[in-house]
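Here's the letter readout for the chains.
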Amino acid sequence: MLFDKLETLDDLLLMCLKDLYSAETQLVKALPQMAAAAKDGRLRRGFERHLRETEEQVQRLERIGKSLDLDLGGETCVAMQGLIKEGQKLMSERATDEVMDAALIGASQKIEHYEIACYGTAAHYAERLGYADAAELLRKTLDEEKFTDTKLNDLAKNYLNQKAE
């Protein structure tokens, strides 16, 4: 348990940052598996790009932690753990290449939507608390997550889902 009792918005921000840090570090380990499972070159390259971006996002969170004198380690984001586990189960299914790629996009979008919710919340808390630099970094990552979700959505709707029919 992180806190005996959540008492302040600072407590909530710390909880969010720890959760995000755990989520992103878990994702750094999972993205290479997703890239390897992707059969479509555009999807595979997208996962590889997102891995590099996620590594930068981890570094951003570490900068925020350092600037606010917070230790972001020691917690496990059970939501991300579950989303990754669900994705790994999916990757173990027998499927055509096209259907697997469509399924990987669906699993990835679940992850992106979770991250969008978390980064949006954390950015609002940081801004409200007057941590302008932290809020700016969190909003930068939020924008990246939204862009990734849009790219996944476009790839699915305009290409991969049609191939999977």
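Since the model is a prediction, treat every value here as computed from it, not as a measurement.

1. Quick look at the nonpolar core
Piece 1. In terms of nonpolar packing, the biggest core is built from 23 residues, with Leu 31, Leu 43, Phe 47, Met 80, Leu 104 and Ile 105 touching the most fellow members.
Piece 2. At the level of elements, α1 (9-37), α2 (41-67), α3 (78-91), α4 (97-128) and α5 (132-164) are the ones that each hand at least two residues to this core.
Piece 3. No other element matches α1, which puts 7 residues into this core.
Piece 4. If we ignore the near neighbours within four places in the chain, the residues touching Met 80 are Ala 23, Gln 26, Ile 111, Tyr 114 and Glu 115.
Piece 5. Tyr 21, Tyr 125, Ala 135 and Leu 142 belong to the second largest nonpolar core, which has 22 residues in total.

2. Focus on the environment of Val 78
Piece 1. Here Val 78 shows up in helix α3.
Piece 2. Taking the C-alpha atoms as reference points, Val 78 and Asp 19, 59 residues apart in sequence, are found 8.6 Å from one another.

3. Notes on α2
Piece 1. In this model α2 runs 39 Å from its N-terminal to its C-terminal C-alpha over 27 residues, within 8% of the 39 Å that 1.5 Å per residue would give.
Piece 2. Directly after α2, the chain includes Asp 69, whose backbone phi takes a positive value near 55°.

4. Things to note about a positive patch on the surface
Piece 1. A contiguous patch of positive charge on the surface is contributed by Lys 39, Arg 42, Arg 44, Arg 45, Arg 49, Arg 52 and Lys 151.
Piece 2. With 5 residues, the single largest contributor to the positive patch is α2.

5. Overview of the environment of Thr 148
Piece 1. Within the secondary structure layout, Thr 148 lies in helix α5.
Piece 2. Sequence separation between Thr 148 and Gly 46 is 102 residues, and the spatial gap between their C-alpha atoms is 8.6 Å.
Piece 3. With sequence-adjacent residues up to four places away left out, Thr 148 is seen in contact with His 50, Glu 53 and Glu 112.
Piece 4. Here Glu 53 takes part through its side chain, which lies 3.3 Å from a polar atom of the side chain of Thr 148.

So, how was this worked out
- Along each chain, residue indices are assigned from 1 in the same order as the chain's sequence is written.
- Given that the model is predicted, a residue must reach a pLDDT of at least 70 before its local features are reported, and side-chain atom pairs must reach 80 or more before they are shown or counted; all residues, however, enter totals for whole chains, interfaces and linings.
- Side-chain measures were taken over the full set of non-hydrogen atoms in the model, leaving aside hydrogen atoms and water.
- Only buried residues count toward a nonpolar core, which is a set of Ala, Val, Leu, Ile, Met, Phe, Trp, Tyr and Cys residues joined through side-chain atoms within 4.5 Å.
- The rule is simple: take the accessible area with a 1.4 Å probe, protein chains only, and divide by the maximum for that residue type; under 20% is buried, over 50% is exposed, in between is partly exposed.
- Secondary structure elements are taken from DSSP: a helix is a run of H or I of four residues or more, a strand is a run of E of two residues or more, and numbering for both begins at the N terminus.
- Note on contacts: a residue pair qualifies if any of its non-hydrogen atoms lie within 4.5 Å across the two residues.
- Take the residue count of a helix, subtract one, and multiply by 1.5 Å to get its expected span.
- Exposure above 30% relative accessible area and the absence of a salt bridge qualify a residue for a patch, where like charges join within 9 Å and nonpolar side chains (Val, Leu, Ile, Met, Phe, Trp, Tyr) within 5 Å.
- Calculation of accessible area relied on Shrake-Rupley with a 1.4 Å probe; when residues are assessed, cover is drawn exclusively from the protein chains displayed.
- Here, a salt bridge means any side-chain nitrogen of Lys or Arg that lies within 4 Å of a carboxyl oxygen of Asp or Glu.
- In summary, the charge assignment counts Lys and Arg as positive and Asp and Glu as negative, without counting His or the chain termini.
- Charged groups are reduced to one reference atom each: NZ for lysine, CZ for arginine, CG for aspartic acid, CD for glutamic acid.
- For this analysis, a polar contact is any N or O atom pair within 3.5 Å, provided that within protein one partner can donate a hydrogen and the other can accept it, and provided that sequence-adjacent residues contribute only side-chain to side-chain pairs.

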